[in-house]
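The primary structure of each chain is shown beneath.
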Amino acid sequence: MLELKEVTKYYGNKLAVERLTLHIPDGTLFAFIGPNGAGKTTTVKMLAGLLKPSSGEIIINGKNIINNSLEIKKIISYIPDQPFLYEKLSGKEFLNFIGQIYHLPEETLESQIARYVELFQMSEYIHQLIESYSLGMKQKLVIASSLLHHPRLLIVDEPLVGLDPANVRIVKQLFRQLVKEGITIFMSTHILSIAEEIADMIGVIHQGRLIAQGSFSQLKSLKKTSPSGGNLEDVFLLLCEECQT
Ligand SMILES: Nc1ncnc2c1ncn2[C@@H]1O[C@H](COP(=O)(O)OP(=O)(O)OP(=O)(O)O)[C@@H](O)[C@H]1O
Ligand SMILES: [Mg+2]
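Please read these numbers as outputs of a predicted model, since none were measured by experiment.

(A) The arrangement of the pairing of strand S6 (residues 76–79) in detail. Neither face of S6 is exposed, since Ile 76 and Tyr 78 on one face and Ser 77 and Ile 79 on the opposite face are all buried. As defined by bridge partners, S6 adjoins strand S7 (residues 153–157) across 4 bridges and the pair is classed as parallel. Among the inter-strand pairings, Tyr 78 is bridged to a residue of S7, identified as Ile 155.

(B) Summary view of the nonpolar core. Within the largest apolar cluster, 65 residues are counted, with the highest numbers of intra-cluster contacts made by Phe 30, Ala 31, Ile 155, Ile 185 and Phe 186. The residues touching Ala 31, leaving out its near neighbours within four places in the chain, are Met 187, Thr 189, Ala 195, Ala 199 and Ile 202.

(C) View of the site of ligand 1. Every residue close to ligand 1 is listed here: Tyr 11, Lys 14, Ala 16, Gly 34, Asn 36, Gly 37, Ala 38, Gly 39, Lys 40, Thr 41 and Thr 42. Of all the secondary-structure elements, those providing two or more residues to the shell around ligand 1 are strand S2 (14–24) and helix H1 (40–47). The element that contributes the greatest number of residues to the shell around ligand 1 is H1, accounting for 3 residues. Residue classes in the shell around ligand 1 are distributed as 3 nonpolar, 6 polar and 2 charged.

(D) Summary view of the sheet that holds strand S5 (residues 63–64). In spatial order, the strands read S2-S1-S4-S5; together these 4 strands make up an open sheet with antiparallel pairing. Among the strands making up the open sheet, the edge pair consists of S2 and S5. Sheet topology places strand S1 (residues 2–11) next to strand S4 (residues 55–60); 5 bridges connect them, and they run antiparallel. Following the sheet pairing, Leu 2 is matched in S4 by Ile 60. Against the sheet, H1 contacts S1, S2 and S4, and its axis sits at roughly 60 degrees relative to S2.

Reading guide: rules and limits
- Residues numbered from 1 in each chain as written.
- Chains lettered and ligands numbered in written order.
- Predicted model: local features only at pLDDT ≥ 70, side-chain atom pairs only at ≥ 80, totals over all residues.
- Buried ≥ 20, exposed ≤ 12 C-beta atoms within 10 Å, placed from the backbone.
- Helix = DSSP H or I, 4+ residues; strand = E, 2+ residues; numbered from the N terminus.
- Pairing = 2+ DSSP bridges.
- Core = buried A, V, L, I, M, F, W, Y, C linked by C-beta atoms within 7 Å.
- Contact = placed C-beta atoms within 7 Å.
- Near = placed C-beta within 6 Å.
- Nonpolar A, V, L, I, M, F, W, Y, C, P; charged D, E, K, R; others polar.
- Axes fitted to C-alpha atoms, helices over the stretch in contact; angles between N-to-C directions.

Have a look at this one:
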């Protein structure tokens, strides 16, 4: 579903992502982790087509995103780390607006909206203006809007920021369910316990370079942590420490 070949990105002469190569099969939940400034958001923006790589190739569903951007935009969804919302619309109006952008038939749109309003328990405020929403309410609305058109690839930058534990659980279960249905998810996150819990594959990026990848148990076997085995945080900190030296 998603392939990156030697993807490199410079901002001026600052190297942000260096020769990143990844192969993520259909129906995989991929968690991208790394310290602040490692290159996660830069990578995510390149996948979403918002930034052009300085060199290298990104292939989604067998097609290069540079030459097929419109076709690819129809099958992906991107949730940025700081989503933009039209504050003067109600939640329902916003979802209708997004559905219309994707030319969803009215019936499909209505049933999709009903599904997510129920799942995220948004019915009490869905008709209120977005400007009155809390951070978590906005985040739920953005996640719902990103799924209306049944994307095949969901690209998310820090999806769980601002969500309370009950909603974190709903999103975790939803992501696992989507992956079971065949959707591929590329998620950057700082919440390592969640990456450990729900990801099929984890990639660790440090100063723009991929320093490890694999399932949690594969990563764990790379590093000797505590005798009890250690968690992803232990493995992550050891990997990053090694790169500093
Ligand atoms: N627009 C920009 N212009 C110049 N440099 C940038 C720009 N955006 C990011 N960078 C630099 O690129 C590097 C990678 O940044 P990026 O935002 O991709 O990191 P990140 O892994 O998402 O970090 P965080 O965990 O803090 O979100 C950093 O050194 C950052 O300073
Ligand atoms: Mg970031």
